[in-house]
Amino acid sequence: MSSDFKKNNNNWQPATQVIHAGESHDDPHGALTSPLYQTSTFKFSSAEQGSRRFAGEEEGYIYSRLGNPTTAELERRMASLEGYEAAAAAATGMGAIAAATMAFVRSGDHIVVSDAIYGCSFALFSELFERFGVEADFIDLNDEGLLKKTLRDNTRLVFLETPANPHLKVVDIEKVHAVIAEYDIRLVVDNTFMTPLMQQPKRHGADIVVHSATKFLNGHGDVVAGIICGSDDDINTIKSTTLKDMGATISPHDAWLILRGLKTLDVRMQRHCQNADAVYQFLAGRSDIEKIYYPGSPDHEAQALMGKQMTSNGAVIAFELDGDEAKARYFLNQLQMITLAVSLGDAETLIQHPASMTHSPYTAEARAKAGISDTLIRIAVGLEAADDIIFDLEQALNACQIQWQQSA
Ligand code: LCS
């Protein structure tokens with residue numbers, strides 16, 4: 001692959017890395033932004049050259065499912081931000097999670113998974129893996145004794161998400177690492193909710209970090225994509241097996257859009273988090289909100305990890321209204337500016353009902369075990385003026401109160 005790019009300066013702060021880490025400087029016209037190599041394949045100068053590239057005897061691109069200069073730039077930037085040697089971009093977050101985990105398990109193996117993760121990750125590990133003979137146990141990974149008891153001789157991988165979708169459960173990565181460190185078990189952490197600016201799982205023992213780049217990394221709601229970061233060896237394994245042969249490779253155009261989005265990640269995250277804090281303060285002052293799940297609330301378990309594992313509260317809040325599911329739905333239907341949609345990390349504030357939407361792939365029993373109630377609502381706070389977001393929430397909550405007083 002082309003080595004003609006600026007090496008990352010180890011002294012750069014993250015706000016500089018999001019703009020410059022791993023950038024190319026080989027454009028003949030000196031373009032400021034890196035060119036988009038929107039090509040499916042690459043020309044060989046001779047039959048011999050083509051053979052050498054396939055045999056790995058000569059560096060150079062072959063075909064965009066195997067590698068592409070635009071994609072490679074995104075991979076270098078993300079590896080740098082997460083502090084790993086290498087990265088692999090994928091077509092979606094689920095593509096990244098599937099490629100990163102399936103590369104290291106085979107039929108007869110066992111994996112341990114946090115009991116609170118995104119709905120489709122749950123479906124992947126509970127249904128698809130089982131079909132191919134890989135058994136998964138879903139447990140509370142903060143319970144070290146339980147983790148020890150759950151490990152088997154054939155356990156190959158532990159997968160967790162922190163803070164978790166949808167209700168921000170946090171897991172102490174270092175503690176999990178301490179339990180499994182002496183075994184041949186890979187620790188894979190989904191860092192979507194924090195981004196590398198606010199949490200770097202590698203520092204706490206993660207072997208591999210995955211992201212849904214669809215969310216904050218891209219930040220503009222116009223791409224679905226994923227990223228895997230890890231050691232050179234692990235990323236080579238993933239790129240030469242699951243990514244190459246199952247083919248969940250990112251489109252160069254999407255990689256280019258994420259590179260553009262990343263440039264503003266630092267400033268966007270500051271605003272996202274400020275807005276989320278304002279929304280939390282508003283919700284905390286309402287008597288019709290029964291429970292709030294937000295790493296910044298004084299009683300949240302994340303407080304113990306603040307400054308140690310994570311440096312911010314993030315921009316996702318979950319809450320329960322006092323009342324039933326019908327009231328939760330009524331509330332969602334009253335919102336006017338806040339957008340009723342799944343996903344998170346976009347400029348637009350998005351709100352959704354996990355039990356019937358993002359976490360509908362869970363069984364009702366698994367949802368109950370994970371503490372995802374039918375009245376839970378998740379809001380992914382966007383970049384609009386905080387006052388406008390709060391105004392919309394307030395008018396919808398007030399409309400609920402009037403409706404419920406009338407029907408009482
Ligand atoms: N990991 C986490 C933590 C996620 O929240 C999601 C998607 C994924 C992985 C999968 O990424 P994708 O394939 O969608 O890029 N979460 C979604 C959500 O909360 N609403 O819509 C999708």
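Here the structure is shown first, and the text comes after it.
Figured I'd write up the structure that's included with this text. (Residues numbered from 1 in each chain as written. Predicted model: local features only at pLDDT ≥ 70, side-chain atom pairs only at ≥ 80, totals over all residues. Heavy atoms only, no water.)

1. Quick word on the overall build of the protein chain
Right, so step 1: The helix and strand tally for the protein chain stands at 14 helices and twelve strands.
Right, so step 2: Whereas a compact globule of 408 residues would reach a radius of gyration of roughly 22 Å, the protein chain reaches 22 Å, a difference of no more than 12%.
Right, so step 3: Projecting the C-alpha coordinates of the protein chain onto the three principal axes gives extents of approximately 80 × 55 × 35 Å.
Right, so step 4: By the burial criterion, 54% of the 408 residues in the protein chain qualify as buried.
Right, so step 5: Nonlocal contacts in the protein chain, meaning residues at least 24 apart in sequence, comprise 72% of its contacts between residues at least 6 apart.
Right, so step 6: When the accessible surface of the protein chain is summed, it comes to about 17500 Å², and 49% of that surface belongs to carbon and sulfur atoms. (Helix = DSSP H or I, 4+ residues; strand = E, 2+ residues; numbered from the N terminus. Rg over C-alpha atoms; globule rule 2.2 N^0.38 Å. Buried < 20%, exposed > 50% of the residue type's maximum accessible area, 1.4 Å probe, protein only. Contact = heavy atoms within 4.5 Å. Areas by Shrake-Rupley, 256 points an atom, 1.4 Å probe, with all protein chains shown as cover.)

2. Points about the packing of helix α3 (residues 69-82) against helix α10 (residues 252-262)
Right, so step 1: Following both chains from N to C, one finds α3 and α10 inclined at 40 degrees, their axes separated by 8 Å at the closest point. It follows that α3 is oblique to α10 by the angle criterion. With respect to the hand of their crossing, α3 and α10 are arranged in left-handed fashion. Facing α3, whose interface residues are T70, T71, E73, L74, R77, M78 and L81, α10 presents P252, A255, W256, I258, L259 and L262.
Right, so step 2: Partitioned by chemical class, the residues of the contact of α3 with α10 number nine nonpolar, two polar and two charged. (Axes fitted to C-alpha atoms, helices over the stretch in contact; angles between N-to-C directions. Parallel < 35°, antiparallel > 145°, perpendicular 65-115°, else oblique. Left-handed = near helix turned anticlockwise from the far one by under 90°. Nonpolar A, V, L, I, M, F, W, Y, C, P; charged D, E, K, R; others polar.)

3. Some thoughts on α10
Side chains three or four residues apart in an α-helix point the same way, a direct result of the helix having 3.6 residues per turn.
Right, so step 1: With eight of eleven residues buried, α10 lies mostly within the body of the structure.
Right, so step 2: Residues P252, D254, A255, L257, I258, L259, G261 and L262 constitute the buried set of α10.
Right, so step 3: Looking at the buried residues of α10, the elements they touch are α1 (14-20), α3 and α11 (265-284).
Right, so step 4: The N-capping residue of α10, defined by a side-chain oxygen 3.1 Å from the backbone nitrogen of H253, is S251. (Polar contact = N/O pair within 3.5 Å; in protein donor to acceptor, adjacent residues only side chain to side chain.)

4. A short note on the site of the ligand
Right, so step 1: The local shell around the ligand holds 18 residues, among which D190, S212, T214, K215 and R378 are the closest.
Right, so step 2: In the environment of the ligand, an oxygen atom lies 2.9 Å from a nitrogen or oxygen atom belonging to the backbone of G93.
Right, so step 3: The backbone of M94 places a nitrogen or oxygen atom 2.9 Å from an oxygen atom of the ligand.
Right, so step 4: Protein contacts shield 93% of the accessible area of the ligand, which totals 480 Å² for the unbound molecule.
Right, so step 5: Residue contributions to the shell around the ligand peak at three residues, all from helix α4 (residues 93-102).
Right, so step 6: The residue makeup of the shell around the ligand, split by class, is six nonpolar, eight polar and four charged.
Right, so step 7: A domain-level breakdown of the shell around the ligand finds at least three residues from each of domain 1 (2-262) and domain 2 (266-407). (Near = heavy atom within 4 Å. Domains from an automatic or database assignment.)

5. Regarding the packing of α11 against helix α14 (residues 386-407)
Right, so step 1: Between α11 and α14, whose axes approach to 9 Å, the crossing angle comes to 30 degrees. Overall, the two elements α11 and α14 adopt an arrangement that is roughly parallel. For the pair α11 and α14, the crossing hand works out as right-handed. Packed against α11, whose contacting residues are N275, A278, V279 and F282, the element α14 presents A386, I389, I390, L393, E394 and L397 at the interface.

6. Quick notes on the sheet that holds strand β10 (residues 339-340)
Right, so step 1: A sheet is described by the order of its strands in space; here five strands give the open sequence β8-β9-β12-β11-β10, paired in mixed fashion. Each having just a single partner strand, β8 (289-293) and β10 make up the two edges of the open sheet.
Right, so step 2: Across three bridges, the pairing between strand β11 (residues 350-352) and strand β12 (residues 376-380) is antiparallel. Bridge pairing in β12 places Q352 opposite R378.
Right, so step 3: Each of β9 (316-321), β10, β11 and β12 touches helix α12 (residues 325-334); the most contacted strand, β9, lies at about 125 degrees to it. (Pairing = 2+ DSSP bridges.)

7. Observations concerning the state of the cysteines
Covalent bonding between the sulfur atoms of two cysteines defines a disulfide.
Right, so step 1: One pass over the structure, following the stated rule, counts zero disulfides.
Right, so step 2: Between C229, a free cysteine, and C273, which holds the nearest cysteine sulfur, the sulfur-to-sulfur gap is 20 Å.
Right, so step 3: Classification of C229 by relative accessible area gives buried; the value is 0%. (Disulfide = S-S within 2.5 Å.)

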